[in-house]
Amino acid sequence: MTATAYSTVWDLDVFFKGGSASEEFGQHLQETRKHIDSFYNQVHKWQPSNSAADAQAISEYIDLFQQTAKKLRQAGAFVSCLQAQNTEDKKAKALRGSTTELSASFQTALTIFDQKLAGYGQEVWTEIIKDESLNELAFVLTERRESAAEKLSQEEESVINALAIDGYHGWGQMYDVIVGNIKIPFRENGEDKQFSVGQAANKFSSHDRTLRKEVFEKWEEAWSSQADYLSKTLNHLGGFRLNVYKLRGWEDFLKEPLDLNRMKKETLDTMWEVISKNKAPLVKYLNRKAELLGIEKLSWYDLDAPLSKTETKVSYQDGAEFILEQFSLFGEEMTAFSKKAFEDKWIEAEDRPGKAPGGFHTYFPESSQSRIFMTYSGTPSNISTLAHELGHGFHTYAMRDLHLLNRSYAMNVAETASTFAEMIVADASVKNAKAEEEKLALLEEKVQRSVALLMNIHARFLFESRFYTERKLGNVSTERLNELMVEAQKEAYGNALNEYHPSFWASKLHFYITGVPFYNFPYTFGYLFSLGIYAQALKEGKGYEEKYIALLKDTASMTVEDLAMKHLNADLTKPEFWESAVQLCIDDVEEFLSLTENK
């Protein structure tokens, strides 16, 4: 029996018909505005009695919060999809402005609500969260309350939120505008083409070094031509953030990202220390890869180069079926979720011009559906990206029955689920490989992931830390940003490369995201944390899926240190956990070095 032919284009009409011109969506935005205004008015006039009797009122406000947040997230997810599928959709850009404004208004209302929670005395608060309607939300409500206590007054925070619409978030949107205008000119098969940044990025996986080098030079040229605009954008984003921190009395620019990721600085420092001490095997791999490619030293554009001269292309259909087959070896629920995503057109994967670069997962809470975005051109890394984003989707699916407040997991644990899914596919692929060449290619795909997470992400973290340190003293020039980027890359890659990527800071969306500062270290955390979970899954076999789902359900209602202790019996502030996780990466490197010894 032939399998269902999976579409490479997603279905957005199921949410709102007509794309960015949708009348239905216009009505949805009006309804969302009414909900936000109602929530704002009610929390604004609320006068807490500072007694445990307020539990009922708090519960009612939280119900209203849940309804409003679902509407707003539905709108935000729709606009994200519209912008990603067509970077030249001007109406979608205007809608992004509308949803950003709504988000800021809602944030103002939440600031008032949180400040009122912060006004309760500790004894009264302890009684309030014992109430049956609030007990399941004790962690997240206490977290909101404590966070509000560390901020400025309600009026001052409301002013910051209002100014952020045209200031902070406005600059964040500049990146989208600039990227939408970037085209990479290229001559292919005797024809002049204009690649989108997403299409050009896929060429770095080509087996043809001349082509990779040529695309990279055009890529650098394109980003450098916009570097002054992007430099101004990055400086304004950093400046806004630092000024807010200064007003709140926060000296450490890592305070907010650590709080958002519910983790201690001690945990972060320990993780990077262990990684830094274990870079030597990864450097050996990079040197070996250079030898295999017949060059003295790798350049940036060689990092994703395949070792085989024959370029393997896997159709979208075959890639999807391969993922489903590997997921089925782990558990039924993950397989069923992913099958539904393929069958119901939840995935946008078509390789066409005009799409945004990269990949993402987003969730439509009112419809209980996910959407996944990527550009699939048949490379092994495309299959990994697809599995990665399905992992995000499964995480959201696993939490579907929880209260919305208990579903707001942080980025570091979000990356755990996605990386775990990616690893199932990668590991099974290596084990099932029939020919040595196939095994080597798949093993290298795994090692490349370790290089990306332990070296590339480390470079991003080092760059951003140093950028913020210098930004405290004033604007950082385009030239200096290039220098900081290359310095960070040299350190993170152990000086193993011949050419680096100076304009990487300009090309990477993650530096411009306003919702999450330091959009880097959570990836590495998630990768290594998922290795710990994966080791446990291998030990326990197919029945582990139930325990895995239990862990995912807890990801938004405790700190990562408590999560690891409860589900893995591991202390994340100590090096042992990180050493054992990094060792799994080194094992792959050593197997790769052994297989290529005589090549």
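This text follows the structure it describes.
1. Observations regarding the pairing of strand β5 (residues 369–373)
And step 1. Burial analysis of β5 places 5 of its 5 residues in the buried class, which makes it a mostly covered element.
And step 2. Alternating positions in β5 separate into two faces, Gln369, Arg371 and Phe373 on one and Ser370 and Ile372 on the other, with burial throughout.
And step 3. Both strand β3 (residues 347–348) and β5 contribute to a ladder of 2 bridges, which runs parallel. The residue bridging Ile347 from the neighbouring strand is Ile372, located in β5.
And step 4. Where strand β4 (residues 360–364) meets β5, 5 bridges bridge the pair, whose relative direction is antiparallel. Directly across from His361, in β5, lies its bridge partner Ile372.
And step 5. Here β4 hands over to β5 after 4 residues, with Ser368 in that stretch at a positive phi of 50°.

2. Details of empty space enclosed by the protein
And step 1. The tally for this structure, following the rule as stated, stands at 1 cavity of 30 Å³ or more.
And step 2. Looking at the largest cavity, the residues that line it are Thr87, Val179, Gly180, Ile182, Lys183, Ser196, Val197, Gly354, Lys355 and Pro357.
And step 3. Across the lining of the largest cavity, the residue classes break down as 4 nonpolar, 4 polar and 2 charged.

3. Some points on the nonpolar core
And step 1. With 140 residues, the main nonpolar core has Ile347, Leu390, Phe463, Trp505, Leu528 and Tyr548 as its most contacted residues.
And step 2. Examining the composition of this core, we find that 14 residues originate from one element, helix α18 (residues 436–471), more than from any other.
And step 3. For Phe463, the contacting residues outside a window of four places in its chain are Leu234, Leu481, Leu484, Met485, Ala488, Trp505 and Phe511.
And step 4. Ala109, Ile112, Ala356 and Phe364 belong to the second largest nonpolar core, which has 49 residues in total.

4. Points about helix α1 (residues 23–45)
And step 1. Across its 23 residues, α1 extends 34 Å between first and last C-alpha, which sits within 8% of the 33 Å expected from 1.5 Å per residue.
And step 2. Considered for burial, the residues of α1 that qualify are Phe25, His28, Leu29, Thr32, Ile36, Phe39 and Val43.
And step 3. Looking at the buried positions of α1, the neighbouring elements they touch are α2 (55–85) and α3 (90–118).
And step 4. Capping the start of α1, Ser22 holds a side-chain oxygen 3.3 Å from the backbone nitrogen of Glu24, two or three residues further along.

What counts and how
- Residues numbered from 1 in each chain as written.
- Predicted model: local features only at pLDDT ≥ 70, side-chain atom pairs only at ≥ 80, totals over all residues.
- Heavy atoms only, no water.
- Buried < 20%, exposed > 50% of the residue type's maximum accessible area, 1.4 Å probe, protein only.
- Helix = DSSP H or I, 4+ residues; strand = E, 2+ residues; numbered from the N terminus.
- Pairing = 2+ DSSP bridges.
- 1 Å grid on protein atoms, 1.4 Å probe; cavity = no way out; pocket = protein on both sides within 12 Å on 5 of 7 lines; lining within 4 Å.
- Points joined across faces, edges and corners; volume = space filled by probe spheres on them.
- Nonpolar A, V, L, I, M, F, W, Y, C, P; charged D, E, K, R; others polar.
- Core = buried A, V, L, I, M, F, W, Y, C linked by side-chain atoms within 4.5 Å.
- Contact = heavy atoms within 4.5 Å.
- Expected span 1.5 Å × (residues − 1).
- Polar contact = N/O pair within 3.5 Å; in protein donor to acceptor, adjacent residues only side chain to side chain.

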